Amino acid sequence: MTKRKHVEIAGGGFAGLATATAFRQRGWTARIHEAAPELRTFGAGIFIWENGLRVLKVLGAFEAVISGAHRAPGYEGRNTEDQRISYHTFGDECRMLTMTRQHLYSAMFAAAQTAGVDFETNSEIVAADPAGRLVGANGRTYQADLVVGADGVNSKVRGSLGVAKERTTFTHGVIRLLVERRHRDLVSTNPDNVINYWGPRLKVLYVPCNADELYLAMMVRKDDTEVTAIPVRKDIWSTEFPVLAHIIERIGDQGRFDTYETTKLDRMSVGRAALVGDSAHPMPPTLGQGAGCAIMNALGMAVALDEAGDDIEGGLRVWDQRERPLTDHTQAVSGKYVRARAGSDGANKWDATAMRTARHIPTGTAGITL
Ligand SMILES: Cc1cc2nc3c(=O)[nH]c(=O)nc-3n(C[C@H](O)[C@H](O)[C@H](O)COP(=O)(O)OP(=O)(O)OC[C@H]3O[C@@H](n4cnc5c(N)ncnc54)[C@H](O)[C@@H]3O)c2cc1C
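Now for a look at the structure at hand. (Residues numbered from 1 in each chain as written. Predicted model: local features only at pLDDT ≥ 70, side-chain atom pairs only at ≥ 80, totals over all residues. Heavy atoms only, no water.)

## Remarks on the overall build of the protein
Our working rule: Each helix is a run of DSSP H or I of at least 4 residues and each strand a run of E of at least 2, with the numbering of both proceeding from the N terminus. We take the radius of gyration over the C-alpha atoms and set the globule estimate at 2.2 Å times the residue count to the 0.38 power. We call a residue buried when its accessible area falls under 20% of the maximum for its residue type, exposed when it is over 50%, and partly exposed in between, using a 1.4 Å probe and counting protein chains only. Contacts: residue pairs with any heavy atoms within 4.5 Å of one another. Methods summary: accessible areas were calculated by the Shrake-Rupley approach with a probe of 1.4 Å, and residue burial reflects only the protein chains presented. In this tally, Lys and Arg are treated as positive and Asp and Glu as negative; His is ignored, and so are the chain termini. The location of each charge is read from NZ of Lys, CZ of Arg, CG of Asp or CD of Glu.
Counting its secondary structure elements, the protein contains 11 helices and 19 strands. Whereas a compact globule of 370 residues would reach a radius of gyration of roughly 21 Å, the protein reaches 21 Å, a difference of no more than 12%. Expressed along its principal axes, the backbone C-alpha trace of the protein runs to roughly 70 × 40 × 35 Å. In the protein, which comprises 370 residues, the proportion classed as buried is 56%. A separation of at least 24 residues holds for 74% of the contacts in the protein among residues at least 6 apart in sequence. For the protein, the computed accessible surface area is about 15,000 Å², with 48% contributed by carbon and sulfur atoms. Counting 44 positive and 43 negative side-chain charges, the protein places the centres of these two groups 2 Å from one another.

## A word on helix α10 (residues 312-339)
Using the following cut-off: Here, expected helix span is obtained from the residue count minus one, scaled by 1.5 Å. Bend is the name given here to the angle between axes fitted to two runs of seven residues, the run ending at a residue and the run starting at it.
The end-to-end C-alpha distance of α10 is 39 Å, a good match for the 40 Å that 28 residues give at a rise of 1.5 Å each. Remark: the principal bend of α10, roughly 40°, maps to Arg 324, with a proline, Pro 325, within the next four residues.

## Points about the site of the ligand
Here is the rule: By convention in these notes, a residue is near a molecule or strand provided one of its non-hydrogen atoms lies within 4 Å of it. Polar contacts, as counted here, are pairs of nitrogen or oxygen atoms within 3.5 Å of one another; within protein the pair requires one atom able to donate a hydrogen and one able to accept it, and residues that are adjacent in sequence qualify only if both atoms are side-chain atoms. Under the grouping applied here, Gly and all other residues not named as nonpolar or charged are polar, the nonpolar ones being Ala, Val, Leu, Ile, Met, Phe, Trp, Tyr, Cys and Pro and the charged ones Asp, Glu, Lys and Arg.
The full set close to the ligand counts 28 residues, and Glu 34, Phe 47, Arg 101, Ile 125 and Asp 278 are the nearest of them. Between the ligand and the protein, one listed contact pairs an oxygen atom with a backbone N or O atom of Phe 47 at 2.8 Å. Contact with the protein chains removes 84% of the 990 Å² of surface that the ligand exposes when unbound. Contributions of two or more residues to the shell around the ligand are made by α1 (14-25), β3 (45-49), β13 (165-180) and α9 (290-308). For the shell around the ligand, the element with the highest residue contribution is α9, accounting for 3 residues. Of the residues belonging to the shell around the ligand, the class tally is 11 nonpolar, 11 polar and 6 charged.

## Concerning the sheet that holds β3
Under the convention used in this document: Only when DSSP finds a minimum of two bridges between them are two strands counted as paired.
Read across the open sheet, the 3 strands follow the order β3-β7-β4; overall the sheet is antiparallel. Each end of this open sheet is capped by a strand with a single partner; those strands are β3 and β4 (70-71).

## Here's the deal with the state of the cysteines
As a reminder of what qualifies: For this text, the term disulfide refers to a pair of cysteine sulfurs within 2.5 Å.
Summed over the entire model, instances satisfying the criterion amount to 0 disulfides. Cysteine Cys 209 remains unbridged, with the sulfur of Cys 94 as its closest cysteine sulfur at 19 Å. Classification of Cys 209 by relative accessible area gives buried; the value is 0%. Summary of cysteine pairing: Cys 293 is not part of a disulfide, and the nearest cysteine sulfur, belonging to Cys 94, is at 13 Å.

## Re the pattern of salt bridges
Our working definition: Note on definitions: salt bridges are taken to be side-chain nitrogens of Lys or Arg within 4 Å of carboxyl oxygens of Asp or Glu.
Per the counting criterion, the structure on display carries 27 salt bridges. Residues Asp 258 and Arg 256 are paired through a salt bridge, measuring 3.0 Å at the closest nitrogen-oxygen approach. The shortest N-O distance in the salt bridge between Arg 322 and Glu 307 comes to 2.7 Å. Taken as a pair, Arg 322 in helix α10 and Glu 307 in helix α9 lie far apart in primary sequence, 15 residues in all. Three or more residues joined by partner-sharing salt bridges are found here, namely Glu 8, Arg 31, Glu 120 and Arg 140.

## Thoughts on the nonpolar core
Worth spelling out the cut-off: As used here, the term nonpolar core means buried Ala, Val, Leu, Ile, Met, Phe, Trp, Tyr and Cys residues forming a set that is joined through side-chain atoms within 4.5 Å.
Within the largest apolar cluster, 70 residues are counted, with the highest numbers of intra-cluster contacts made by Leu 56, Leu 104, Met 108, Leu 146 and Met 301. Excluding residues within four positions of it along the chain, Met 108 makes contact with Phe 14, Leu 17, Ala 18, Leu 56, Leu 59, Ala 61 and Ile 295.

## Topic: the pairing of strand β12 (residues 146-149)
Of the two faces of β12, both are covered, the one formed by Leu 146 and Val 148 as well as the one formed by Val 147 and Gly 149. Here 3 bridges tie β12 to strand β19 (residues 273-275), and the two strands are oriented parallel to one another. In the sheet register, Gly 149 faces β19, and the bridge partner there is Leu 275.

## Structural notes on the packing of aromatic side chains
Keep this limit in mind: Side-chain rings of Phe, Tyr and Trp, where Trp is taken by its six-membered ring, are said to pair if the distance between their centres is within 6.5 Å; with planes under 30 degrees apart they count as stacked, over 60 as edge-to-face, and otherwise as tilted. Criterion for a charge above a ring: Arg CZ or Lys NZ at most 6 Å from the ring centre, at most 35 degrees from the ring normal.
The final tally for this structure, using the stated rule, is 10 aromatic pairs. Through pairs of rings, three or more aromatic residues link up here, namely Phe 14, Tyr 105, Phe 109 and Phe 119. If you follow Arg 40 out to its NZ or CZ, it ends over the ring of Phe 42, 4.5 Å from the centre. If you follow Arg 84 out to its NZ or CZ, it ends over the ring of Tyr 87, 4.2 Å from the centre.

## Details of the sheet that holds strand β10 (residues 133-136)
We apply this condition: Fitted lines through C-alpha atoms serve as axes, helices being fitted only where they are in contact, and the angles separating the N-to-C directions of these axes extend from 0 to 180 degrees.
The antiparallel open sheet is built from 3 strands, whose spatial order is β9-β10-β11. If you trace the sheet from one side to the other, it starts and ends with β9 (125-129) and β11 (141-143), each paired once. Strand-to-strand twist across the sheet, computed as the mean angle between neighbouring axes with direction ignored, equals 20°. Sheet topology places β9 next to β10; 4 bridges connect them, and they run antiparallel. Of the residues in β10, the one forming a bridge with Ala 127 is Val 135.

## Considerations on unusual backbone geometry
Omega for the peptide link from Ile 230 to Pro 231 comes to 0°, which places this bond in the cis form. If you check the backbone angles, Asn 122 has positive phi at about 50° while not being a glycine. Summarising the element assignment, Asn 122 is placed in the loop between β8 (118-120) and β9. We note that Arg 184 has phi near 65°; this positive angle belongs to a residue other than glycine. Following the sequence through the fold, Arg 184 ends up in the loop between β13 and β14 (194-198). Given a relative accessible area of 59%, Arg 184 falls into the exposed group.

Quick look at the structure:
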């Protein structure tokens, strides 16, 4: 009888959960090390497109995700005078769902538990060894057939592997928060739409998550410190967007400001150590595809290694070659839309190039029906 293969994963975010679940489904044992004391996610809302939904279906999280998520009839652009400047619909073959991050996380966590993933919280990983070992801050080492750094944008695993990287930081960033959603919040348009409000200085993305919760993503130049401030300067944001003043008024002291960045690695694996998610390929949120790419690449890795049998390093090379072009494309287009923001009137951006990722059939999801 052949021995089961084992994967040790640093990071219990979306990438870590997807990786562990996908390997468990292929007969591996899988353990996630999460530095935080609890398994949960931070942040406000999130977009998941058709490509991500397909992956969630295979991972066993799709039904839980769609129940309680929001499907907007359209994606609208409006100016500070509350006039429509663009409108786009996506159709049934390429759905765009919005939800709270915790909703997505809970569904993926439940799927990981069902698959039999092991979890270790308060377990910070400080390094990986290409021979197939994670090193904990507590001095312990964890041996495996494969080790994965899914430890986010400031990845210690990536740092320890010495993979060459090219980092781009952008001029803009975003404040993210959730506020209460009320019936008739907007009267001049359909309040179920996702709406991008464009001003000369500021931008607010209005995103219904469910019947009661609204995600606001408030974009601004990172050097405009008056408006990057938390607590949010409600007076300034309301002056630019009077139509949203009553919603902005509901913002308390919450919120966080993050700047945009992209990291491109020359390779996503070294020996038996791989990087996935924001540790490998963070991107600005302009396409709403960072987590989508993370979970696609996680599933793609499990599929490639399943095909490769005992040739772990060969499987990782195949994985990198297969998945990288779409990830590179998504990072490039996301970055382009941050740069195009200056002076833009918010005209429709959802062309075929931007939609390529959402319309992609991820590895391991061919033939499924949703
Ligand atoms: C403003 C903004 C909006 C976004 N909107 C969208 C969107 O709408 N749709 C979308 O698909 N994507 C979106 N993204 C991108 C998405 O949030 C990320 O791509 C995704 O969260 C990456 O998941 P991850 O698991 O790789 O990293 P993370 O979510 O950062 O998870 C990393 C995990 O590792 C843990 N960890 C960190 N260090 C260690 C360590 N040393 N040892 C052990 N554990 C560790 C952390 O505690 C965390 O739990 C957005 C990003 C931003 C900044």
